[in-house]
Amino acid sequence: MSEPTTTSQPDEQGTADRGSNRSHRPASTAFKNFVMSQWAPRAELGLTASAAAPHTVSRRAALSERLPGVRLVIPAGSLKTRSNDTDYRFRPHSAFAHLTGLGTDREPDAVLVLHPVESGSGDAGANHHAVLYVRPLAPRDNEEFYADARYGEFWVGARPSLADVEALTGIEARHIDELGDALAKDVGDGGVHLLVVTGADDAVESLVEELRLEAGEDENALTDEKLVEVTSELRLVKDEYEIEQMREAVARTIEGFEAVIRALPAAKEHRRGERVVETTFDGHARLEGNAVGYETIAASGEHATTLHWIRNDGEIHPGDVLLLDGGVEVDSLYTADVTRSLPVDGEYSDVQRKIYQAVLDAADAAFAVSRPGAKFRDVHAAAMEVIAARLEEWGFLPDGVTAADALADDGQQHRRWMVHGTSHHLGLDVHDCAQARRELYLDGVLEPGMVFTIEPGLYFKADDLAVPEEFRGIGVRIEDDVLITADGNENLSAALPRRAEDIEAWMASLR
Ligand SMILES: [Mn+2]
């Protein structure tokens, strides 16, 4: 990649603050005049309303309903440094993406503000008027055009104009330079209170904090945690567009799994076979979606007993079960989260099949209770009953401990072999809605439109002396993505084989 220059003016010693000792950018007036001239008029980006835009109106209205009279600040976040002067690819904060419909890498430094207005006189009859503050494309007579490695057109391509942003989102767009004054307006004694989604953009957070300090904090005022909680809870039930995006993410993910199976012969030959699996899946995610929704877990043999094995540098040995936990994130940033545990030679051994069947039975039990009106925690409980029963049957629980003892709060011995939960909400974040209140999440009641995973597993470490030797070094997880429907559930990832015999037949068909 090219060496970035800087927008900072060189000081008297001829140095600048960012990458200065490597910068060869000419600073002569002759160069500036020449580089800024003789450009054809800009072609319009020609952006039109996104498919998400109409749905975001009601999402913002729902947020407005929950927090009337408060100015709500939802930053997209800023570019994050990877090292020195190179940044990670940008991904907007999920609350921002949800409320604006902006996906892919849009739009670093942007801030959505919901300005409180007289009750019911805002957008679509809500209590707020939404404005998006963005850093628009700089004109060609601005040095940013050619000299700014972070934002300049020469470096990162043409950014959308304010008109483009309005067309794409349906939200009024203003220059980011107006943000400070807009946030400060009427803040203070008896005036408007500010809340900001924390953890997205340090600079915006500091600005809000400063304005609140100047205004004098009201001790009884709502805190930022409330806004974070509400933006998280808004996503517990997905709208039609979101469900369609989840279907898309799952479909692309299933293709990724198929690509991995086709690559297994090459993976078995490579000294880092797990990397062949990872790069095959991740490559598919970049080609057909935005990226992976989280780091792919490609764990063969004993590595599968490490729950978040993402180093993926191991060999794939004959006879291994390969645990692949991957999700394609589509351009709208919704992600799937699916796991299959595959026999790399195409057939499970007897003990692998035995473990696999126990996990599958646990998953099926969880599916059977997933319907409107059930508690979220019932799903986990149903899976654990099967897991505990099977471990008792195999004689793995300590002497004198029955499955029923283990299932009691003061037991839980079965969890030695499955320390994670069975389910989590899924959507823009792989662990979606994580800041929702407990009574709406863990203790919450299932409703149509909720999407979550069912992912029981059993993991027997290679050095686990509590189980017979033949079980050691095998990890199995089966993870599907579930949509709660009006009268039950739909397995969104049902097109990916689940039963042991179906997995074997499917692998054979792809060979
Ligand atoms: Mn998961």
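See the structure above.
## Observations regarding the overall build of the protein
Move 1: Secondary structure assignment for the protein yields 15 helices and 17 strands.
Move 2: Against the compact-globule benchmark of 24 Å for 511 residues, the protein has a radius of gyration of 26 Å, which places it among compact chains.
Move 3: Projected onto its principal axes, the C-alpha coordinates of the protein cover approximately 80 × 55 × 40 Å.
Move 4: In the protein, the share of contacts with a sequence separation of at least 24, taken over all contacts with a separation of at least 6, comes to 70%.
Move 5: Accessible area of the protein: about 23,000 Å², with a carbon and sulfur share of 49%.
Move 6: Positive and negative side-chain charges in the protein, numbering 50 and 91 respectively, have mean positions lying 3 Å apart.

## Quick look at the coordination of the manganese ion
Move 1: Binding of the manganese ion to the protein goes through Asp337 (OD), His424 (NE2), Glu455 (OE) and Glu479 (OE), at separations of 2.0 to 2.4 Å.
Move 2: Spacing between the donor residues of the manganese ion along the chain follows D-x86-H-x30-E-x23-E. Taken together, the residues span a long stretch of sequence, with Asp337 in the loop between strand 11 (328–329) and strand 12 (338–343) and Glu479 in the loop between strand 15 (474–477) and strand 16 (480–484) at a distance of 142 residues. The two residues Asp337 and Glu479 agree in class, both being buried.

## Some details on the pairing of strand 4 (residues 111–116)
Move 1: Extensive coverage of strand 4 is indicated by the burial of 6 of its 6 residues.
Move 2: Every second residue of strand 4 is oriented toward a common face, with Val111, Val113 and His115 on one face and Leu112, Leu114 and Pro116 on the other, all of them buried.
Move 3: One ladder, built from 4 bridges, connects strand 1 (residues 70–75) with strand 4; its direction is antiparallel. Each bridged residue has a counterpart across the sheet, and for Pro75 the counterpart in strand 4 is Val111.

## Looking at the environment of Arg212
Move 1: Secondary-structure assignment places Arg212 in helix 8 (residues 202–215).
Move 2: For Arg212, a relative accessible area of 7% translates into the label buried.
Move 3: Taking the C-alpha atoms as reference, Arg212 lies 59 Å from Phe471; in sequence the two are 259 residues apart.
Move 4: Setting aside residues up to four positions removed in sequence, Arg212 forms contacts with His193, Leu194, Leu195, Val196, Glu217 and Asp224.
Move 5: Within the structure, the side chain of Arg212 is placed 2.8 Å from the backbone oxygen of Leu194, a separation counted as a polar contact.
Move 6: Within the structure, Arg212 has its side chain in polar contact with the side chain of Glu209 (distance 3.1 Å).

## What about the sheet that holds strand 17 (residues 489–491)?
Move 1: The 3 strands lie next to each other as 13-16-17, forming an open sheet whose pairing is antiparallel. In this open sheet, the two edge strands, each paired with only one partner strand, are strand 13 (451–454) and strand 17. Averaged over neighbouring strand pairs, the angle between their axes works out to 35° when direction is ignored.
Move 2: Sheet topology note: the strand 13/strand 16 ladder contains 4 bridges and is antiparallel.

## Structural notes on the nonpolar core
Move 1: With 92 residues, the main nonpolar core has Val277, Ile355, Leu391, Trp394, Leu458 and Phe460 as its most contacted residues.
Move 2: The dominant element in this core, judged by the number of residues it contributes, is helix 10 (residues 240–269), at 11 residues.
Move 3: Every residue in contact with Ile355, bar those within four places of it in the chain, is listed here: Trp394, Leu458, Phe460, Phe471, Ile474 and Val476.
Move 4: Within the second largest apolar cluster, 29 residues are counted, among which are Leu67, Val70, Leu99 and Leu114.

Basis of the calculations
- Residues numbered from 1 in each chain as written.
- Predicted model: local features only at pLDDT ≥ 70, side-chain atom pairs only at ≥ 80, totals over all residues.
- Heavy atoms only, no water.
- Helix = DSSP H or I, 4+ residues; strand = E, 2+ residues; numbered from the N terminus.
- Rg over C-alpha atoms; globule rule 2.2 N^0.38 Å.
- Contact = heavy atoms within 4.5 Å.
- Areas by Shrake-Rupley, 256 points an atom, 1.4 Å probe, with all protein chains shown as cover.
- Lys, Arg positive; Asp, Glu negative; His and termini not counted.
- Charge placed at Lys NZ, Arg CZ, Asp CG, Glu CD.
- Donors = N, O, S within 2.8 Å, 3.2 Å for Na, K, Ca; no water.
- Buried < 20%, exposed > 50% of the residue type's maximum accessible area, 1.4 Å probe, protein only.
- Pairing = 2+ DSSP bridges.
- Polar contact = N/O pair within 3.5 Å; in protein donor to acceptor, adjacent residues only side chain to side chain.
- Axes fitted to C-alpha atoms, helices over the stretch in contact; angles between N-to-C directions.
- Core = buried A, V, L, I, M, F, W, Y, C linked by side-chain atoms within 4.5 Å.

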